[in-house]
Amino acid sequence: MDHKLQAAGTKSQLQMGSLIESGAVHEFREDRLCSPRRTAQKIQANHIAEYGTASAGLHPIGSNTWRSIACKSIKIVVFSSKLNWLMLFGPLAILVHLLTHHNGWVFFLSLLGIIPLAERLGYATEQLAFFTGPTVGGLLNATFGNATELIIAIHAMKGGMIRIVQLSLLGSILSNMLLVLGCAFFCGGLAFYGKEQVFNKASAVVDSGLLLMAVMGLLFPAVLHYTHTEVHYGKSEMALSRFSSCVMLLVYAAYLFYQLKSQKDTYLPLNEEASGNGQSLDDDNEDESPEISQVQSLVWLAVLTAWISVLSDYLVDAIDGASHALSIPIAFIGVILLPIVGNAAEHASAIMFAMKDKLDISLGVAIGSSTQISMFGIPFCVVIGWMMGQPMDLNFQLFETATLFITVLVVAFFLQEGTSNYFKGLMLILCYVIVAASFFVHEDSTSRGFNKRPHIKHLKYWDATNVANQSSPLFFSFFV
């Protein structure tokens, strides 16, 4: 019996020796090191090293840790871009306003100060998009990319500058569709010289349809006004504008539902499987990771929006004085200068994605922003003006409406093939140059006192119509 036990012990020792020689014990030790308890201990140790607490967030973080996180976040957001030195012009504009009241300099300095803020707003939105997914991220990018225009529009509306609101929103659409999209096509075409980039044609067709619907909403009030066929002069135009705005907001809500529920991959590139080296989109994005946390992104969005709001107040107050001081038409300021500042984030993002051959995202930024301004921004301002008692309507005047209509047709024609190259981008940029030159020599009719009283030859018709329509229908009375 003892001999058997001794033989068994010898056998087990030989087996153990063979296991050691084969590395099994080493693997066993690695498994032990990677056990759940060991993993939890390592995570806790890392948490202690990073946050200064061993309770995984149960106790408040130390002040030194908060300070280091804040300093790191400021370094990334404020000091990581060379463009951010323009932020100094914001406080300088306020200082010039308090000391000299020179509207030309206040306008110019405020304009320069808002440019980096708009770009950083787009950056914070892109960081937040890492935590929300591509579709929601694309919509957030378009939304906060237009935040500057909407803030300027609301400040102008509070001051009764309805015409500035109309011109700035119209200019934002024109700038996104011609300048931003044109630069994206041009830079992407040069980066991939010799081949045509492709994008999702179906998504472009849907956006083009929404833009044409927006043109319809702006066209009918203008035609109604200039043909003098209103039942109630001035009031019918306002009622139609408010009713059309409510319909456009309803359509935009349905569009958001369609994007988020039915078209979840709208902002993913069309050729995501592929490229010449066989890499997928996921492989290309492996190195892309957020530089700031989700909470930090939200905090920066709030801070940047508040600072843009402050500078926009000074900017709007100085527009009229700057127009006289610099001898620049107000129409040119509203349609060209203000949108270029507000679209700084879209401009940078669209070019960056196009040069990475992610043209669908560039298209979503440029055309998506135009769609959002036309189907949400303009109707939203009409409704807000309705609530504030301001006569904001959809009659953008004949010249401006015709410019928008032709622009939408040109862009829809370029998007129908689903491909782009540098020549298409160059044509769109030069189209924008023509539009800018047209508004530089365009005199706004409202500055001469038009549209404030009925035309003289229609006074008799105006009086007869008022007498014949003493009792207004419920629809008319509600929207007026």
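We now turn to the structure provided with this report.

Definitions and limits used
Residues numbered from 1 in each chain as written. Predicted model: local features only at pLDDT ≥ 70, side-chain atom pairs only at ≥ 80, totals over all residues. Heavy atoms only, no water. Axes fitted to C-alpha atoms, helices over the stretch in contact; angles between N-to-C directions. Helix = DSSP H or I, 4+ residues; strand = E, 2+ residues; numbered from the N terminus. Parallel < 35°, antiparallel > 145°, perpendicular 65-115°, else oblique. Contact = heavy atoms within 4.5 Å. Nonpolar A, V, L, I, M, F, W, Y, C, P; charged D, E, K, R; others polar. Expected span 1.5 Å × (residues − 1). Buried < 20%, exposed > 50% of the residue type's maximum accessible area, 1.4 Å probe, protein only. Arc of directions from axis to C-beta. Polar contact = N/O pair within 3.5 Å; in protein donor to acceptor, adjacent residues only side chain to side chain. Left-handed = near helix turned anticlockwise from the far one by under 90°. Phe/Tyr/Trp six-rings, centres within 6.5 Å; stacked < 30°, edge-to-face > 60°.

A word on the packing of helix H9 (residues 162-191) against helix H17 (residues 359-388). Running from N to C, H9 and H17 point in directions that differ by 170°, and their axes come no closer than 9 Å. The angle between the axes of H9 and H17 places the two elements in the roughly antiparallel class. Only Leu359, Ser362, Leu363, Ala366, Ile367, Ser369, Ser370, Ile373, Ser374, Gly377, Ile378 and Cys381 of H17 make contact with H9, whose side of the interface consists of Val165, Leu169, Ser172, Ile173, Asn176, Met177, Val180, Leu181, Ala184 and Phe185. Class assignment for the residues of the contact of H9 with H17 results in 15 nonpolar, seven polar and no charged.

So, about helix H19 (residues 422-440). With 19 residues, H19 extends 27 Å between its outermost C-alpha atoms, agreeing within 8% with the 27 Å of an ideal straight helix rising 1.5 Å per residue. Lys424, Gly425, Leu428, Ile429, Tyr432, Val435, Ala436 and Phe439 are the residues of H19 that are buried. The buried residues of H19 all sit within an arc of 135° when viewed along its axis, so they share a single face. Those residues of H19 hidden inside the fold are in contact with H9, helix H15 (330-342), helix H18 (398-415) and strand S2 (419-420). Structurally, the start of H19 carries an N-cap: the backbone nitrogen of Phe423 is 3.1 Å from a side-chain oxygen of Asn421.

Right, let's get into the packing of helix H6 (residues 103-129) against helix H13 (residues 294-317). For the pair H6 and H13, interaxial distance at closest approach is 9 Å and the crossing angle is 160°. When the axis of H6 is compared with that of H13, the two are roughly antiparallel. In this structure, the crossing between H6 and H13 has a hand that is left-handed. In terms of residue class, the contact of H6 with H13 is made up of 18 nonpolar, eight polar and one charged.

What follows is about the packing of aromatic side chains. On inspection of all chains with the given rule, the structure shows ten aromatic pairs. Between Phe399 and Phe439, the aromatic rings sit 5.3 Å apart at their centres with planes inclined by 75°, giving edge-to-face as the arrangement. Here the residue Phe399 occupies a position in helix H18, and Phe439 occupies one in helix H19, the gap between them amounting to 40 residues. When its relative accessible area of 33% is taken as the criterion, Phe399 is described as partly exposed. Here a set of aromatic residues connected by ring pairs shows up, and it is made of Tyr252, Tyr255, Phe376 and Phe380.

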